[in-house]
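Coordinate analysis (summary)
Here is how the chains run, residue by residue.
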Amino acid sequence: MKSTPVISAQHLDIGYREGGNGVKCVHRNLDIALYAGELTCLLGANGAGKSTLLRTLSGSQPPLTGDVWVNGTLLKGLSRHLLSRTIGVVLTDKTAIGGLTVREVVALGRQPHTGFFGRLSAHDREVVDHSLEACGIADKQARYMASLSDGERQKVMIAKALAQECPIVLLDEPTAFLDIVSRIEVMSLLHRIAVEHQRAILLSTHDIEQALVLSDRLWLLSRENGLVTGVTEDLILSGKFDNLFPHTDIHFDPLHGSYYPTVQRRKTIVVECTDETLLHWVVNMLNRNGYGVSFDGKKVAVPLLRVVDKQELLWVEGDSMSTLHSFDELAQFLRGR
Amino acid sequence: MKQARHISHSTLLILSLGLVVAILLVANLFVGSVSIPAREVLNVLMGQECERESWRYIILESRIPQAVTALLAGCSLAVAGLLLQTTFNNPLAGPSILGIDTGAALGVAVVMLAGGAALAGSGMSAFLASIVGAFVGASTVMAVILFFSTFVRNNLMLLIIGMMVGYLTSSIISLLNFFASADQVHAYTMWGMGNLSSVSLQQLPVYSLTAVCGLVIAFLLSKPLNAMLLGTRYAENLGVNISMTRNLLLLATGLLTATTTAFCGPITFIGLSVPHIARLLLNSSNHNTLLPVTMLCGGVVLLLCNMISVLPGSNGIIPINAVTPLIGAPVIIYVIVNQKKISYFNG
């Protein structure tokens with residue numbers, strides 16, 4: 001049974017109202033459906049309108065036309081207070097919280113639930129404890145924000161959004177500026193929160209590699225094709241990724257889930273190799289050096305590279321055969337030709 | 001465990017600062033340009049006979065209002081400085097740097113130099129007029145800067161805009177001075193040096209009331225102020241009504257800066273430096289504790305400055321603005337030099 005989306009919109013136009021009567025439309029006719037219990041990644045080139053879309057969905061910027069519905073209610077009809085309990089955000093904005101402890105920052109997420117002076121009840125403190133625990137930063141709760149690494153800070157901001165207890169969490173590039181370990185940690189954390197806490201999590205990112213691994217659903221946004229959404233694997237296998245960056249210089253390799261520069265195939269070569277990892281990296285080197293690879297062994301008058309192992313690469317061309325003993329030798333051989 | 005210790009640390013700090021304020025408040029009654037034996041001061045305070053009637057007058061009519069004024073002015077300016085630093089997300093903001101007290105000065109100058117003649121003779125109303133003038137001036141400058149802050153995102157640029165507004169305001173004040181009579185210029189110059197003794201016992205209730213109003217508004221805003229440490233977009237997402245909060249901050253800062261400036265002249269460095277002293281003492285930028293600590297520190301610092309200003313004894317009183325930079329400037333230099341080590345800068 002297909003679940004109903006927590007955020008939905010049809011025929012949504014997003015953009016800015018500029019001074020006077022000017023309108024800068026970024027996207028037209030977007031159809032949107034965000035589901036609970038799933039991690040959704042919003043991918044797209046710089047300037048594709050990812051931030052505008054996130055701002056529109058978080059209610060901080062009205063759509064130009066069309067309505068956003070949140071759990072069956074109009075987004076623009078939600079009071080400020082109700083909105084703060086419905087949609088939590090994690091932004092890339094500059095903050096001034098170096099002098100607050102981790103726990104104090106996470107406790108700020110309770111503000112929509114506390115009274116006039118923001119005093120925390122026993123329940124509030126419990127929620128803060130759980131949020132710290134869920135994000136794996138409970139042991140750092142007394143530390144000052146200023147003493148944390150970028151990855152730890154991001155986890156604190158996610159814990160803050162979790163403490164806010166919103167069914168929907170929107171994140172604007174939460175993994176930007178993070179190293180690979182922190183990127184994987186943050187993405188895995190978000191996926192776990194989506195599943196375990198039944199939240200609808202939408203994040204924009206440039207980290208396609210991690211998005212393909214951990215995202216349940218993808219939103220591909222581009223100027224040319226608008227918003228294309230679907231389950232991650234469906235989108236990959238239906239070739240939608242080639243349209244994400246409509247550039248002739250790069251192409252998407254569905255086998256490895258990555259973008260590669262398009263090889264200027266000046267020369268063709270046949271490769272024989274039984275080990276898949278070895279084959280991948282041999283092809284990688286050949287591509288870099290301007291060889292397009294064919295696996296059709298019947299092609300004649302084309303050099304053949306028979307890879308036995310990484311210390312034995314046989315280059316066969318006509319009657320001559322050279323034996324290369326390392327990738328270094330192969331590289332020099334290719335450049336020498 | 002850590003949390004409990006943190007709370008007890010801040011509570012302890014607030015209690016001890018309260019004690020220091022009380023001690024300094026009393027100590028201020030014992031010193032002044034006229035030397036009065038401590039025993040006689042005590043007698044007056046206990047309501048007993050005093051050797052000379054003039055001493056009783058000095059203590060009741062001059063020293064008590066002056067000490068209370070120093071306390072309130074210190075609290076007001078320090079809290080105004082903190083509100084500005086949080087609002088503009090800039091640790092180097094302050095009423096004097098952003099030109100807000102220059103705005104108040106312009107309001108006073110307009111009343112004293114240009115419109116003074118119309119009000120001459122009606123003592124209290126001229127005085128009230130200068131307060132209203134100061135409030136209008138301070139709020140106008142604050143509003144102008146808030147207006148710029150809606151589209152100038154860079155805080156350093158905003159600070160420079162504030163300074164420019166301050167220069168513009170100063171140039172108008174110079175013009176007013178140029179066309180004013182010698183007496184008016186003298187009166188205005190004396191006011192400009194800062195004087196904590198200008199609030200009389202009769203005016204004290206008015207001043208106290210407005211200052212306390214401003215302080216109460218500030219305390220009511222501590223929840224949204226904490227959210228604003230995250231920046232306006234995060235604060236908005238936490239349900240903070242940004243425009244209303246900004247307006248209330250405008251009102252509180254205006255009240256605190258304008259009344260204090262109108263009564264005592266533009267007192268420099270308190271608003272800029274005391275919030276830093278408070279953060280360094282407290283080791284936190286959480287307004288729940290930072291606001292009371294800043295307020296008490298402001299009182300302590302200005303009471304101290306007031307005591308220093310009467311050190312020359314019978315040779316006269318040092319203008320308060322010659323004393324406040326002695327404490328304020330080194331603090332700011334220390335903070336800037338050590339900003340890599342100070343947590344609240346690395347936010």
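Not measured: the values here are computed from a predicted model.

**Points about the overall build of chain A**
Counting its regular elements, chain A contains 10 helices and 17 strands. A compact globule built from 337 residues should have a C-alpha radius of gyration of about 20 Å, whereas chain A, at 25 Å, is more than 25% larger. Principal-axis analysis of the C-alpha atoms gives chain A an extent of 85 × 50 × 45 Å. The buried share among the 337 residues of chain A stands at 36%. A separation of at least 24 residues holds for 63% of the contacts in chain A among residues at least 6 apart in sequence.

**A word on the overall build of chain B**
When its secondary structure is counted, chain B shows 15 helices and zero strands. For 347 residues, the compact-globule formula gives about 20 Å, and the C-alpha radius of gyration of chain B, at 20 Å, lands near that figure. With the C-alpha coordinates of chain B rotated into their principal frame, the extents come out at 65 × 55 × 35 Å. Across the 347 residues of chain B, 50% fall into the buried class. Within chain B, counting contacts between residues at least 6 apart in sequence, those at least 24 apart form 78% of the total.

**Details of unusual backbone geometry**
Residue and element names in this part refer to chain A. With phi around 50°, Asn71 is a residue other than glycine that occupies positive phi space. Within the secondary structure, Asn71 sits in the loop between β4 (68-70) and β5 (73-74). Using a count of 16 C-beta atoms within 10 Å as the deciding quantity, one classes Asn71 as partly exposed. The backbone phi angle of Glu173 is positive, close to 45°, even though this residue is not glycine.

**Overview of the interface of chain B and chain A**
Facing 26 residues of chain B, the contacting portion of chain A comprises 28 residues. Within the residue set of the side of chain B that touches chain A, elements represented by two or more residues are α1 (2-30), α10 (222-228) and α11 (232-237) of chain B. Within the side of chain B that touches chain A, the residues separate by chemical class into seven nonpolar, 14 polar and five charged.

**Examining the pairing of strand β8 (residues 200-204) of chain A**
For a regular strand, side-chain orientation follows a simple rule: the groups alternate between the two sheet faces. All names here are of chain A. Burial analysis of β8 places five of its five residues in the buried class, which makes it a mostly covered element. Residues Ala200, Leu202 and Ser204 of β8 are buried on one face, and the alternating residues Ile201 and Leu203, pointing to the opposite face, are buried as well. Bridging between strand β3 (residues 38-43) and β8 involves five bridges; their strand directions are parallel. Bridge pairing in β8 links Glu38 to Ala200. Across five bridges, strand β7 (residues 168-172) lies against β8 in parallel orientation.

**Description of the nonpolar core**
In terms of nonpolar packing, the biggest core is built from 169 residues, with Leu190(A), Val79(B) and Cys297(B) touching the most fellow members. Top contributing element to this core by residue count: helix α3 (residues 53-87) of chain B, with 15 residues. When neighbours within four sequence positions are excluded, Cys297(B) is seen to be in contact with Leu17(B), Ala78(B), Val274(B), Ile277(B) and Ala278(B). Grouped together as the second largest cluster of nonpolar side chains are seven residues, Ile269(A), Leu286(A), Leu305(A) and Leu313(A) included.

**Description of the packing of helix α9 (residues 204-220) of chain B against helix α12 (residues 242-264) of chain B**
When two helices pack together, you describe them by how their axes are tilted relative to each other and by the distance separating the axes. Residue and element names in this part refer to chain B. At a minimum axis separation of 9 Å, α9 and α12 run at an interaxial angle of 150°. When the interaxial angle is binned, α9 and α12 end up roughly antiparallel. Once α9 is placed against α12, the crossing between them reads as left-handed. Contacts between α9 and α12 involve Tyr207, Thr210, Ala211, Cys213, Gly214, Ile217 and Ala218 from the first element and Leu248, Leu251, Ala252, Leu255, Leu256, Thr259, Thr260 and Phe263 from the second. Residues of the contact of α9 with α12, tallied by class, amount to 11 nonpolar, four polar and no charged.

**Focus: the sheet that holds strand β9 (residues 217-222) of chain A**
All names here are of chain A. In spatial order, the strands read β6-β7-β8-β3-β9-β10; together these six strands make up an open sheet with mixed pairing. Each edge of the sheet is formed by a strand with only one pairing partner; in this case those strands are β6 (87-90) and β10 (226-231). In this sheet, adjacent strand axes meet at a mean angle of 15° when their direction is disregarded. Pairing of β6 with β7 involves four bridges; the strand directions are parallel. What sits directly across from Gly88, in β7, is Val169. Against the sheet, helix α5 (residues 150-163) contacts β6 and β7, and its axis sits at roughly 170° relative to β6.

**With respect to the domain arrangement of chain A**
Examined at the domain level, chain A breaks down into domain 1 (7-91 + 167-258) and domain 2 (267-336). Taken over C-alpha atoms, the centre of domain 1 of chain A sits 42 Å from the centre of domain 2 of chain A.

**Considering the sheet that holds β5(A)**
All names here are of chain A. One open sheet accounts for four strands, arranged β2-β1-β4-β5; its pairing is antiparallel. With one partner strand each, in any of the chains shown, β2 (23-34) and β5 form the two edges of the open sheet. For strand β1 (residues 7-17) and β4, the ladder comprises three bridges, and the chain directions are antiparallel. Along β4, the bridge assignment pairs Ser8 with Trp69.

**A few points about the pairing of strand β17 (residues 320-324) of chain A**
Residue and element names in this part refer to chain A. Among the five residues in β17, zero count as buried, and that is only a small part of the element. Sheet analysis places strand β16 (residues 312-317) next to β17, joined by five bridges and oriented antiparallel. Each residue of the ladder has a partner; that of Leu313, found in β17, is Leu324. Here β16 hands over to β17 after two residues, with Gly318 in that stretch at a positive phi of 65°.

**A look at helix α1 (residues 50-57) of chain A**
Residue and element names in this part refer to chain A. In terms of burial, α1 is a largely internal element, seven of the eight residues being buried. For α1, every residue scored as buried is listed here: Lys50, Thr52, Leu53, Leu54, Arg55, Thr56 and Leu57. Within two residues after α1, Gly59 carries a phi angle of roughly 85°, on the positive side.

**Section: the environment of Arg288(A)**
For Arg288(A), the position within the fold is in helix α9 (residues 276-288). By the C-beta count within 10 Å, which is 12 here, Arg288(A) ends up exposed.

**Some points on the packing of α3(B) against α9(B)**
Residues and elements named next belong to chain B. Two elements in contact, α3 and α9, have axes separated by 10 Å at closest approach and are oriented at 25°. The orientation of α3 with respect to α9, classified from their angle, is roughly parallel. The crossing of α3 and α9 is left-handed. Of the residues in α9, those touching α3 at Pro65, Val68, Thr69, Leu72, Cys75, Ser76, Val79 and Leu83 are Leu204, Tyr207, Ser208, Ala211, Gly214, Leu215 and Ala218. Classifying every residue of the contact of α3 with α9 by side-chain character gives 11 nonpolar, four polar and no charged.

**Describing the environment of Pro303(A)**
Residue and element names in this part refer to chain A. Note on placement: Pro303 falls in the loop between β14 (291-294) and β15 (304-309). Distance from Pro303 to Gly318, taken between C-alpha atoms, is 7.4 Å for residues 15 residues apart in sequence. Here Pro303 is in contact with Ile269, Trp315, Val316 and Glu317, once residues within four sequence places are set aside.

**Observations concerning the confidence of the model for chain B**
For chain B, per-residue confidence averages 86 on the pLDDT scale, and 94% of positions sit at 70 or higher. Both scores are available for the predicted complex, with the pTM at 0.87 and the ipTM at 0.86.

**Brief notes about α3(B)**
All names here are of chain B. Relative to the 51 Å expected for 35 residues at 1.5 Å per residue, α3 spans 50 Å between its end C-alpha atoms, a close match to the ideal helical length. The largest bend in α3 comes to about 30°, at Ile59. Looking one or two places after α3, you find Asn89, whose phi comes out positive at around 50°.

Cut-offs used in this document
- Residues numbered from 1 in each chain as written.
- Chains lettered and ligands numbered in written order.
- Predicted model: local features only at pLDDT ≥ 70, side-chain atom pairs only at ≥ 80, totals over all residues.
- Helix = DSSP H or I, 4+ residues; strand = E, 2+ residues; numbered from the N terminus.
- Rg over C-alpha atoms; globule rule 2.2 N^0.38 Å.
- Buried ≥ 20, exposed ≤ 12 C-beta atoms within 10 Å, placed from the backbone.
- Contact = placed C-beta atoms within 7 Å.
- Nonpolar A, V, L, I, M, F, W, Y, C, P; charged D, E, K, R; others polar.
- Pairing = 2+ DSSP bridges.
- Core = buried A, V, L, I, M, F, W, Y, C linked by C-beta atoms within 7 Å.
- Axes fitted to C-alpha atoms, helices over the stretch in contact; angles between N-to-C directions.
- Parallel < 35°, antiparallel > 145°, perpendicular 65-115°, else oblique.
- Left-handed = near helix turned anticlockwise from the far one by under 90°.
- Domains from an automatic or database assignment.
- pLDDT = per-residue confidence, 0-100.
- Expected span 1.5 Å × (residues − 1).
- Bend = angle between axes of the 7 residues up to and from the residue.

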